[in-house]
Every structure is written in C-alpha cells, then in structure tokens.
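# Results of the structural survey
Okay, here's what each chain looks like letter by letter:
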Amino acid sequence: MAPEPEDSAEVRRVLMLIHTGREEAREVGLACAKSLAVHGIVVRVLASEAADLGIDPAAYEPRLELAADEDDASRDCELALVIGGDGTILRAAEIVQPHRTPVLGVNLGHVGFLAEAEYDDVESTIEAIVQRRYSSEDRLALEVSVFEDGEKVFRTFAVNEASVEKASRERMLEVVVEIDGRPLSRWGCDGVVCATPTGSTAYNFSAGGPVVWPGVEALLLTPISAHALFARPMVVAPTSVLAVEVITRADGAGVLWCDGRRSYDLGPGARIEVTRGVEPVRLVRLHQAPFTDRLVRKFGLSVEGWRGAAERRPFRMNGGEHA
C-alpha cells in the first residue's frame, strides 16, 4: 500500500515531461513516475506522452493523471519534473509559463546548463521532491514583439534568447539596431541575438557574447558575423528596450527564432522589440553551488592552468642544466 501524504487533506501533484524520443528518457521517466506514486504524489503527464510510453493510468496508486491541453497541464502542480536535455527544458518552460510552475530538469542531453540534476542523481532528486528539500529561483525572461506597418502582429516570450537571422544563406541581413528608442548602428550581418543572462551560455555564447552570471539583471545584444566597424556584444539595463529593424529596401528576408523553438518570418520593414518579460521563469534548485562551479563542470574547464608544466621544466644555460 502506498504511504499516505504527510497531510491527508493535501494532494501533491508533479507534472512530468519527457523526451519520449529517447529510450533512456522513457526508462527514467517511468521509474520516476512509479517512485513518486509510491510516496503518494500524483503524477500528471501529457496524454500524447503517456501514449508514447504505453502508460496505463490505472496501474498507478494514486492514479496517474492525463493532461490533454498543454496550456493547462501544470495547473495545481508544485513543480514540473523534466527528463531530457536543455531543449526539453525549454519546451517545459513554454508549457508551464501560464501558471509559473517551477521547472526541475534532469539532464540526459549534452551540456544541460538549465538542468539541475544529472542521470546519476535521479534517486536523490526524487527523494528531494518527496521531502520538499528544494527551492526555486526566478530567472529573467524576455518578451518579444514583432511589428509590421506599426501594428503588432506577433508576440511571444523567451527563456534563453530571441534571435533575428537571415532567411537565406546567400544574402546578408541588413538591420538597424536601436536601444531605448535611439538608433545605435546599421549592420549587414547574419543576425542579431538578444539574450538573457540565463541564455548567455547558449546561442549568445556561440556567437561570441559574454557569459553573464544568472543573478545579474541585464539584457544582452550580440551581433552575428556583422560587417561593420562597430559590432560588439553589449550588456544593457534590464529596463532597456532592444529593437532590431529590417531595412525596408533590403532584398534579404529574415526570420525570428525564440529559444530555437518558435519562429516568425520577417519581411523588409519588420521591427522586433525585446524587453524584460513581466513574468520570470522559475527553476528548481537542489543545491546552492556557485555558478562558477557549474561553468567549470559543464564546459570541462581546466583549473590547473597550462603554465604549470612549463614552470617545472628544467632549462639549459651555457651547457649546464638548471632546475
């Protein structure tokens, strides 16, 4: 018999989101669902993912819940447990955004900067959920709007970045970049990345932008292969308004990508505005390790220093050897 929750009047729910295309993720997800149910926690999964997993809701006690609608999937859930890589976590952030449900990622991908736990930590992660031994932290998100002829035609949000990119390989994208309503520079480029500190280690990092600690409140703007005299990555105030306008008389079209998941085609004259989002993204934390340690671990950075061996190597002078 499953143990009763600490408070019999309380029903604890956890939304579980799984990268069902990976066998490893399916196996871990099924094990987590069974373990949470044993401790009296109701597990909710998307109906489509339950079908991929071959789950029978009645086989769980308490009975597993199916969510048909992504927009309402995280209602009344204390957190979302995500099994996959950063892409799965970004998808989860999109699903839970209406209810600001905290996201706890278990990394089965590559770098996994957004994840809090690794594959080997699954057992201790379930234990932390059961015992409520976790906290959550708010991360700055982006609100992204597209205007055509002065009318807003598209609006979305982003956790990592909003990137304006050229639509065709053979043509550069001609843009004017504005900050706080004032034009900064005109670039012929492959694109422009507008990122959060959380996303500074993602596309922004690959484009040559700075790594910014998550606790810093700021917006980042990084050009991609800009053909210009002034085209440097910039860090601006969190209250700033970043704008990228596609030059009207340019031949090349563009495309807006948000977190690499949602896109919108941009024609000449389109204007993209990026501001701090009204609602932050909430990430679950199991540990209070410094961000420096996360950088070293995720990127496999050497803290020994490459000069160590040279300092120990003997040298020769006038035929003699000196230590």
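Residues numbered from 1 in each chain as written. Predicted model: local features only at pLDDT ≥ 70, side-chain atom pairs only at ≥ 80, totals over all residues. Heavy atoms only, no water.

### Comments concerning the layout of surface pockets
If you add up the space inside the largest pocket, you get close to 300 Å³. If you list the elements that add at least two residues to the lining of the largest pocket, you get strand 6 (117-118), strand 7 (135-139) and helix 6 (291-299). Ranked by residue count, the leading element in the lining of the largest pocket is helix 6, at 4 residues. Considered class by class, the residues forming the lining of the largest pocket number 6 nonpolar, 2 polar and 9 charged. (1 Å grid on protein atoms, 1.4 Å probe; cavity = no way out; pocket = protein on both sides within 12 Å on 5 of 7 lines; lining within 4 Å. Points joined across faces, edges and corners; volume = space filled by probe spheres on them. Helix = DSSP H or I, 4+ residues; strand = E, 2+ residues; numbered from the N terminus. Nonpolar A, V, L, I, M, F, W, Y, C, P; charged D, E, K, R; others polar.)

### Comments concerning helix 4 (residues 122-130)
What sets the pattern is the α-helix's 3.6 residues per turn: residues three or four places apart point alike. Buried within helix 4 are the following residues: Val122, Thr125, Ile126, Ala128, Ile129 and Val130. Residue Arg132 follows helix 4 closely and has a positive phi angle near 55 degrees. (Buried < 20%, exposed > 50% of the residue type's maximum accessible area, 1.4 Å probe, protein only.)

### Focus on the domain arrangement of the protein
Splitting the protein by domain gives domain 1 (13-139) and domain 2 (142-276). The gap between the C-alpha centroids of domain 1 and domain 2 is 32 Å. Opposite the 9 residues of domain 1 that make contact, domain 2 presents 9 residues. Across the domain 1/domain 2 interface, buried area totals approximately 880 Å², and carbon plus sulfur atoms make up 64% of it. Contact with domain 2 buries surface across domain 1, with Leu90, Glu94 and Arg139 losing the most and accounting together for 56% of the total. Where domain 1 meets domain 2, there are 2 salt bridges. Its salt-bridge partner being Arg262, residue Glu94 comes within 3.1 Å of it at the nearest N-O pair. (Domains from an automatic or database assignment. Contact = heavy atoms within 4.5 Å. Buried area = accessible area lost by both parts, 1.4 Å probe. Salt bridge = Lys/Arg side-chain N within 4 Å of Asp/Glu carboxyl O.)

### Observations concerning the confidence of the model for the protein
This prediction gives the protein a mean pLDDT of 91; 90% of its residues lie at or above 70. Every residue in residues 1-8 is under pLDDT 50, and counting partners more than four places away or in other chains gives 9 contacts. (pLDDT = per-residue confidence, 0-100.)

### Thoughts on the pattern of salt bridges
All chains considered together, the criterion is met by 26 salt bridges. Notably, a salt bridge pairs Asp138 with Arg100, separated by 3.5 Å at the nearest N-O pair. Placement of the pair is Asp138 in strand 7 and Arg100 in the loop between helix 3 (86-96) and strand 5 (103-107), with a sequence separation of 38 residues. When its relative accessible area of 45% is taken as the criterion, Asp138 is described as partly exposed. Arg100 sits in the partly exposed class, given a relative accessible area of 30%.

### Regarding the packing of aromatic side chains
Enumeration according to the criterion identifies 5 aromatic pairs in this entry. With 4.9 Å between their ring centres and 75 degrees between their planes, Trp213 and Phe291 make a pair best called edge-to-face. With a gap of 78 residues between them, Trp213 in the loop between helix 5 (203-206) and strand 14 (219-224) and Phe291 in helix 6 connect regions that are remote in the sequence. The exposure class assigned to Phe291 is buried, which follows from its relative accessible area of 13%. (Phe/Tyr/Trp six-rings, centres within 6.5 Å; stacked < 30°, edge-to-face > 60°.)

### Some remarks on the environment of Thr101
Here Thr101 shows up in the loop between helix 3 and strand 5. When its relative accessible area of 4% is taken as the criterion, Thr101 is described as buried. Setting aside residues no more than four positions away along its own chain, Thr101 makes contact with Ser74, Cys77, Glu78, Leu79, Ala80, Val96 and Arg282. A polar atom in the side chain of Thr101 sits 3.0 Å from the side chain of Ser74. (Polar contact = N/O pair within 3.5 Å; in protein donor to acceptor, adjacent residues only side chain to side chain.)

### Details of the nonpolar core
One finds Met16, Cys32, Leu36, Leu81, Ile83 and Ile129 to be the most contacted residues of the largest nonpolar core, which totals 31 residues. Contributions of two or more residues to this core are made by strand 1 (13-18), helix 1 (23-38), strand 2 (42-46), helix 2 (47-53), strand 4 (79-84), strand 5 and helix 4. With near-sequence residues (within four places) excluded, Ile83 lies in contact with Leu17, Ile18, His19, Ala25, Val28, Gly29, Cys32, Thr88, Val106 and Leu108. In terms of nonpolar packing, the next biggest core, distinct from the first, is built from 29 residues, Ala162, Val164, Ala270 and Val274 among them. (Core = buried A, V, L, I, M, F, W, Y, C linked by side-chain atoms within 4.5 Å.)

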